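A structural walkthrough
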Amino acid sequence: DGVAQGRKIKCSLCTKALKKIQALAGDDPDEAAVAAALQKGCRALGRVVNKLCQRLVSKYQDQITEGLQNGDMPQDICTAIGICRS
């Protein structure tokens, strides 16, 4: 159904965005590195997705930052913030 489809798209967007952000932040990022990567990562995904990505990032910035600093996988972070189903 439409809701499940929307959730799937959001989940894949979240995962894709976090993979990009994780790559930009590096292996052992501090908070500043993650913050910079959050800004760059959304822009790198293109104009259409950028706005959605920015909204996601600003809403869940603390959880994303913590997840990336803990070395969590993008899929796990997206599941933890409730965007993806486990």
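Residues numbered from 1 in each chain as written. Predicted model: local features only at pLDDT ≥ 70, side-chain atom pairs only at ≥ 80, totals over all residues. Heavy atoms only, no water.

Remarks on the packing of helix H1 (residues 2–25) against helix H2 (residues 31–44)
Rules: Angular values range over 0 to 180 degrees, each being the angle between N-to-C directions of two axes fitted as lines to C-alpha atoms, with helices fitted over their stretch in contact. Put simply, DSSP H or I for four residues or longer makes a helix, DSSP E for two residues or longer makes a strand, and each gets a number counted from the N terminus. Should an angle lie under 35 degrees it is considered roughly parallel, over 145 roughly antiparallel, and from 65 to 115 roughly perpendicular; all remaining angles are considered oblique. Two helices that cross are described as forming a left-handed crossing if the nearer one is turned anticlockwise from the farther one by less than a right angle, and a right-handed crossing if clockwise. Contacts are assigned to residue pairs with any non-hydrogen atoms lying within 4.5 Å of each other. In the scheme used here, Gly and all other residues not listed as nonpolar or charged are polar, with Ala, Val, Leu, Ile, Met, Phe, Trp, Tyr, Cys and Pro taken as nonpolar and Asp, Glu, Lys and Arg as charged.
As a packed pair, H1 and H2 sit with axes 8 Å apart at the nearest point and diverge in direction by 135 degrees. In terms of orientation, H1 and H2 fall into the oblique class. In the crossing of H1 with H2, the sense of the turn from one axis to the other is right-handed. Counted together, Lys-20, Ile-21, Leu-24 and Ala-25 of H1 and Ala-33, Val-34, Ala-37, Leu-38, Lys-40, Gly-41 and Ala-44 of H2 form the full contact between these two elements. Looking at the contact of H1 with H2 residue by residue, the class counts come to 8 nonpolar, 1 polar and 2 charged.

Quick look at the nonpolar core
Applied cut-off: Throughout this description, the term nonpolar core refers to a set of buried Ala, Val, Leu, Ile, Met, Phe, Trp, Tyr and Cys residues connected via side-chain atoms within 4.5 Å. Under the scheme applied here, a residue whose accessible area is under 20% of the maximum for its type counts as buried, over 50% as exposed, and between as partly exposed, the area being computed with a 1.4 Å probe on protein chains only.
Cys-14, Leu-18, Ile-21, Val-57 and Ile-64 are the most contacted members of the largest nonpolar core, which has 22 residues in total. Among the elements of the structure, H1, H2, helix H3 (47–69) and helix H4 (74–80) are those that each provide at least two residues to this core. For Val-57, the contacting residues outside a window of four places in its chain are Ile-21, Leu-38, Cys-42 and Ile-64.

Things to note about the environment of Gln-75
Take Gln-75: it is sitting in helix H4. Residue classification places Gln-75 among the partly exposed residues on the basis of a relative accessible area of 36%. When the C-alpha positions of Gln-75 and Arg-7 are compared, they lie 14 Å apart, and in sequence the two are 68 residues distant. With residues near it in sequence (within four places) discarded, Gln-75 still touches Cys-11, Thr-15 and Cys-84.

Observations concerning the state of the cysteines
Working definition of a disulfide: a covalent bond connecting the sulfur atoms of two cysteines. Rule in force here: Pairs of cysteine sulfur atoms within 2.5 Å are identified as disulfides in what follows.
Scanning all chains against the criterion turns up 3 disulfides. Covalent S-S linkage joins Cys-11 and Cys-84, the inter-sulfur distance amounting to 2.0 Å. Disulfide Cys-11-Cys-84: the torsion about the S-S bond is 105 degrees, which places it as right-handed. Of this pair, Cys-11 sits in helix H1 while Cys-84 sits in the segment after H4; the two residues are 73 residues apart in sequence, bridging distant segments of the chain. On the accessibility criterion, Cys-84 (4% relative accessible area) is buried. Shown here is the disulfide that connects Cys-42 with Cys-53, its sulfur atoms set 2.1 Å apart. Across the disulfide from Cys-42 to Cys-53, rotation about the S-S bond amounts to roughly -75 degrees, and the bridge is consequently left-handed.

Observations concerning the confidence of the model for the protein chain
Keep in mind that low pLDDT regions are not for reading the predicted coordinates in detail. Put simply, the rule reads: One number per residue, pLDDT, summarises how confident the predictor is, and it ranges from 0 to 100.
Here the protein chain averages 89 in pLDDT, while 99% of its residues score no lower than 70. Here H1 stands out as the least confident element of the protein chain, with mean pLDDT 87; H4 is the most confident, with 96.

A look at the side chain of Thr-15
Cut-off, in case you're wondering: Identification of polar contacts relies on pairs of N or O atoms within 3.5 Å, with a donor-acceptor requirement for protein atoms, meaning one able to donate a hydrogen and the other able to accept it, and with residues adjacent in sequence counted only if both atoms are side-chain atoms.
Locating Thr-15 in the fold gives a position in helix H1. A distance of 2.8 Å separates the side chain of Thr-15 from the backbone oxygen of Cys-11, its partner in a polar contact. Ignoring any residue separated from it by four or fewer positions in sequence, one finds Thr-15 in contact with Pro-74, Gln-75, Cys-78 and Cys-84.

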